[in-house]
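Coordinate inspection notes
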Amino acid sequence: DSTAPTVATIIPTNNAVGVPVDTNITVQFNEEVKAGTLWIELLNPAWTPIPINITGSYDTLNITLNNVTLDFGTKYTLAIHTGSVTDMAGNPIKGIVYYFTTDSTAPTVATIDPTNNAVNVPVNKTITLTFNEEVKAGSMWIELLTPTGTIIPTTVDGSFDTLTIDPNSA
């Protein structure tokens, strides 16, 4: 075998737009590969590397973000450098560059129950927020305050596009 491996598919695809800011990247090759230099970079527009983890087996590499989230509406570059992987015969991959742009809009609250300025709300009411798209935990800095600014302890939970806030006391 004297032929270098090539990329068969990559997710997200080259020049994809609207990519989630917490995306994982999958690179599938046309044949089984093994680690070469593993010099693979995810770069922001200032060419600063984003921390990533690289795992894989057989003909697939999985690239995951290492405790970071990408910025909204930003074009990123994935650079798979020459020799970063080789085929099983030792033939190095040739350098490849892919681009993708993240989703340009942050999620927004679509509905809140109870509604803003609602009256006669039960003192133990679970507050439910529904977003316009699926969300995941961020800092989770969510506070329920009395009119004087005292924090009411709560339990916050959520999944998909919904967040619930339960007061721990009335």
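Only a predicted model underlies this, so the values are computations on that prediction, with no experimental measurement involved.

Topic: the sheet that holds strand β2 (residues 16–19)
In space, the four strands of this open sheet follow the order β2-β10-β8-β5, with mixed pairing throughout. Either end of the sheet is taken by a strand with one partner, and the two such strands are β2 and β5 (40–43). Ignoring which end each strand starts from, the neighbouring axes of this sheet average 25° apart. Where β2 and strand β10 (residues 96–102) come together, two bridges link them in parallel fashion. Each bridged residue has a counterpart across the sheet, and for Ala-16 the counterpart in β10 is Phe-100.

Brief notes about the nonpolar core
Counting residues in hydrophobic clusters, the biggest one holds 25 residues, and the most contacted among them are Val-7, Val-27, Leu-42 and Leu-78. Those elements that place two or more of their residues in this core are β1 (7–11), β2, β3 (25–29), β5, β7 (60–65), β8 (75–80) and β10. For Leu-78, the contacting residues outside a window of four places in its chain are Ile-10, Ile-25, Val-27, Ile-40, Glu-41, Leu-42, Ile-63, Ile-96, Val-97 and Tyr-98. Within the second largest apolar cluster, five residues are counted, among which are Ile-127, Leu-129, Phe-131 and Leu-163.

A look at the layout of surface pockets
The gaps of empty space that remain are located by a probe, the size of a water molecule, rolled over the atoms. There is about 350 Å³ of room inside the largest pocket. Lining the largest pocket are 17 residues, with Ile-127, Leu-144, Leu-145, Ile-152 and Pro-167 sitting closest to its centre. Residue assignment for the lining of the largest pocket shows that the elements contributing at least two residues are β13 (144–145) and β16 (162–167). In terms of residue class, the lining of the largest pocket is made up of 13 nonpolar, two polar and two charged. Of the pockets and cavities examined, the second largest pocket occupies roughly 310 Å³. Every residue along the wall of the second largest pocket is listed here: Pro-20, Val-21, Asp-22, Thr-69, Phe-72, Asp-103, Thr-105, Pro-107, Glu-133, Glu-134, Val-135 and Lys-136. Considered class by class, the residues forming the lining of the second largest pocket number five nonpolar, two polar and five charged.

A few points about the environment of Ala-106
Secondary-structure assignment places Ala-106 in the loop between β10 and β11 (109–113). You can call Ala-106 partly exposed: its relative accessible area is 42%. Separated by 31 residues in sequence, Ala-106 and Ala-137 have C-alpha atoms that sit 13 Å apart. When neighbours within four sequence positions are excluded, Ala-106 is seen to be in contact with Phe-72 and Glu-133.

Reading the values: rules and limits
Residues numbered from 1 in each chain as written. Predicted model: local features only at pLDDT ≥ 70, side-chain atom pairs only at ≥ 80, totals over all residues. Heavy atoms only, no water. Pairing = 2+ DSSP bridges. Helix = DSSP H or I, 4+ residues; strand = E, 2+ residues; numbered from the N terminus. Axes fitted to C-alpha atoms, helices over the stretch in contact; angles between N-to-C directions. Core = buried A, V, L, I, M, F, W, Y, C linked by side-chain atoms within 4.5 Å. Buried < 20%, exposed > 50% of the residue type's maximum accessible area, 1.4 Å probe, protein only. Contact = heavy atoms within 4.5 Å. 1 Å grid on protein atoms, 1.4 Å probe; cavity = no way out; pocket = protein on both sides within 12 Å on 5 of 7 lines; lining within 4 Å. Points joined across faces, edges and corners; volume = space filled by probe spheres on them. Nonpolar A, V, L, I, M, F, W, Y, C, P; charged D, E, K, R; others polar.

Nothing here speaks to function; it is geometry throughout.
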